[in-house]
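# Coordinate analysis (summary)
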Amino acid sequence: MTSIITILNGPNLNLLGTREPETYGTGTLDDLETLCAETAEGLGLAIDFRQSNTEGELISWVHEARTRSAGIIINPAGYSHTSVALMDALLAVDIPVMEVHLSNIHKRESFRHHSYVSRAAQGVICGLGFAGYRLALIALSDILEEDL
Ligand code: DQA
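Here is a short report on the structure shown in this document. Values in this document were obtained by computation on a predicted structure and should not be read as measured data.

## A closer look at the overall build of the protein
Within the protein one finds five helices and five strands. When the helices and strands of the protein are listed from N to C terminus, the series reads β-α-α-β-α-β-α-β-β-α.

Structure (structure tokens):
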């Protein structure tokens, strides 16, 4: 059976393409989903790609992924820097978690330098735009193959 990778996108990422394009680029969330789907297909994986502006919904989706997914890629957006609850949900899952940020959060305002979610992540990719999601999928594929 094809392994599913849950890809979660946090608040305001629905506005990709028009939101601060100098920071986040001009590609849309749909473009990002297409890139992820194509990359996953090449790796023999399937994706469940979602976006929410609500902390509780993201947490519920992490709970859902516990039993149905082989790994999680998450761009927690603003919740990276604020959400102990999202970190706790991710710490409760037994599957590998990769954290992705489009921008290089370490080059930006100091409040973005700390991510609670990083404590629950096996790896963190930032500053590479959409390519970060592609690389996270490749890394998860490698991790899952090592588990075989
Ligand atoms: C972001 C970085 C966060 O600091 C910010 O709040 C976002 C997007 C990124 O992808 O670069 O919304 O996670």
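There's plenty left to go through after this.
## Considerations on the site of the ligand
Neighbouring residues of the ligand: R19, Y24, N75, A77, G78, H81, H101, L102, S103, I105, R108 and R112. The separation between an oxygen atom of the ligand and a polar side-chain atom of H81 is 2.7 Å. S103 places a polar side-chain atom, nitrogen or oxygen, 2.6 Å from an oxygen atom of the ligand. Summarising the interface, the protein chains cover 97% of the accessible area of the ligand, which totals 320 Å² for the free molecule. Here the shell around the ligand is built from residues that sort into four nonpolar, five polar and three charged.

## A short note on the sheet that holds strand β4 (residues 97-101)
If you walk across this open sheet you meet the five strands as β2-β1-β3-β4-β5, and the pairing is parallel. Edge positions in the sheet fall to β2 (45-51) and β5 (123-126), since each of these pairs with one other strand and no more. Each neighbouring strand pair of the sheet contributes to a mean axis angle of 20°, computed without reference to strand direction. Relative to β4, strand β3 (residues 71-75) is paired through three bridges, and the arrangement is parallel. Bridge pairing in β4 links I74 to E99. Where helix α2 (residues 29-43) meets the sheet, it contacts β1 (3-9) and β2, and its direction lies at approximately 160° from that of β2. With respect to the sheet, helix α3 (residues 55-68) is in contact with β1, β2 and β3, its orientation differing from that of β1 by roughly 170°.

## Comments concerning the pairing of β1
Counting buried positions over the seven residues of β1 gives five, a clear majority of the element. Direction of pairing for β1 relative to β3: parallel, over a ladder of five bridges. Paired with I7 across the two strands is I73, which belongs to β3.

## Regarding the side chain of D48
Looking at the secondary structure, you find D48 in strand β2. Among the polar contacts listed, one links the side chain of D48 to the side chain of R68, at a separation of 2.6 Å. When near neighbours in sequence (up to four residues on either side) are disregarded, D48 contacts I4, I5, T6, I7 and R68.

## Comments concerning the pattern of salt bridges
One pass over the structure, following the stated rule, counts six salt bridges. Notably, a salt bridge pairs R19 with E20, separated by 4.0 Å at the nearest N-O pair. On the accessibility criterion, E20 (36% relative accessible area) is partly exposed. Here R108 ties to E109 by a salt bridge, and the two come within 3.9 Å at their closest N and O atoms. When its relative accessible area of 18% is taken as the criterion, R108 is described as buried. Here E109 falls in the partly exposed class, since its relative accessible area comes to 36%.

## As for the pairing of β3
Of all the five residues making up β3, five are buried; the element is thus mostly covered by neighbouring parts of the structure. Handedness of the crossover joining β3 and β4 through helix α4 (residues 84-91) is recorded here as right-handed.

Reading guide: rules and limits
Residues numbered from 1 in each chain as written. Predicted model: local features only at pLDDT ≥ 70, side-chain atom pairs only at ≥ 80, totals over all residues. Heavy atoms only, no water. Helix = DSSP H or I, 4+ residues; strand = E, 2+ residues; numbered from the N terminus. Near = heavy atom within 4 Å. Polar contact = N/O pair within 3.5 Å; in protein donor to acceptor, adjacent residues only side chain to side chain. Areas by Shrake-Rupley, 256 points an atom, 1.4 Å probe, with all protein chains shown as cover. Nonpolar A, V, L, I, M, F, W, Y, C, P; charged D, E, K, R; others polar. Pairing = 2+ DSSP bridges. Axes fitted to C-alpha atoms, helices over the stretch in contact; angles between N-to-C directions. Contact = heavy atoms within 4.5 Å. Buried < 20%, exposed > 50% of the residue type's maximum accessible area, 1.4 Å probe, protein only. Salt bridge = Lys/Arg side-chain N within 4 Å of Asp/Glu carboxyl O. Right-handed = clockwise from strand over helix to strand, strands pointing away.

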